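One letter stands for each residue in the lines below.
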Amino acid sequence: MPRKKKKHHARRVIKPAKAHRNKILNRDLDAAYNHFCGTRLHSVLVHLESISEDCTLAKGYYLALKCEIANRRAKKHKGDMRAKLYREKVKYLLQLISHCQLYNYRIERAVSYETGGPSNIVYCYLPGCEQISWHASIGKLPIPEATDDWDEKKFTTLKKLEEGLKKEFYFDSVPT
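A few points on the structure. Quick caveat: nothing in here was measured; it's all calculated off a predicted structure.

### Here we look at the pairing of strand β3 (residues 132-136)
Next up, step 1: When you tally the buried positions in β3, you get 4 out of 5 residues, the bulk of the element.
Next up, step 2: The sheet contact formed by strand β2 (residues 120-125) and β3 spans 5 bridges and is antiparallel. Residue pairing across strands places valine 122 opposite tryptophan 134, the latter belonging to β3.

Pasting the structure below:
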């Protein structure tokens with residue numbers, strides 16, 4: 001008896017531009033695991049988490065990094081794992097929004113007009129850091145509308161966070 005072929009339903013094909021973007025984002029994340037702020041990304045996360053009880057800015061950077069890591073890791077995966085990582089990203093983003101509102105760090109939203117994607121763009125301005133942003137569906141949270149446009153710097157959220165961390169915590173690559 002001949003074997004039945006498996007049916008492949010709704011197989012998503014990633015457009016070449018998105019595939020290129022994902023490749024760049026994943027390459028940068030892999031490099032950060034080995035070299036980030038003069039050390040490794042994991043060491044920076046552990047340090048920020050340990051001082052976040054006493055330092056509100058460290059907590060903000062920690063949440064922003066966790067959000068960006070989940071966002072980039074999701075681009076490496078498909079199916080359930082991808083959905084799980086995007087949920088993790090939104091979880092950290094919601095915590096970051098609450099944290100920013102509590103400590104008066106500027107956080108804003110804009111409508112995303114990308115078809116088939118998340119409905120909002122969240123802009124965050126942590127002290128010492130340039131504008132960082134994520135696309136996400138965050139519901140009807142009371143966040144002010146964006147006053148500034150996107151800075152049009154592609155693939156730079158991780159680099160901006162690293163530069164901000166260097167200014168605020170890692171002077172000459174020595175954690176403070």
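### Points about the packing of helix α1 (residues 16-34) against helix α3 (residues 56-74)
Next up, step 1: Between α1 and α3, the least distance of the axes is 9 Å, while the angle of their chain directions is 130°. The angle between the axes of α1 and α3 places the two elements in the oblique class. For the crossing formed where α1 meets α3, the hand is left-handed. For the pair formed by α1 and α3, the contact residues are Leu25, Asn26, Asp28, Leu29 and Tyr33 on the first element and Ile69, Arg72 and Arg73 on the second.
Next up, step 2: Residue composition of the contact of α1 with α3, by class: 4 nonpolar, 1 polar and 3 charged.

Basis of the calculations
Residues numbered from 1 in each chain as written. Predicted model: local features only at pLDDT ≥ 70, side-chain atom pairs only at ≥ 80, totals over all residues. Heavy atoms only, no water. Buried < 20%, exposed > 50% of the residue type's maximum accessible area, 1.4 Å probe, protein only. Helix = DSSP H or I, 4+ residues; strand = E, 2+ residues; numbered from the N terminus. Pairing = 2+ DSSP bridges. Axes fitted to C-alpha atoms, helices over the stretch in contact; angles between N-to-C directions. Parallel < 35°, antiparallel > 145°, perpendicular 65-115°, else oblique. Left-handed = near helix turned anticlockwise from the far one by under 90°. Contact = heavy atoms within 4.5 Å. Nonpolar A, V, L, I, M, F, W, Y, C, P; charged D, E, K, R; others polar.

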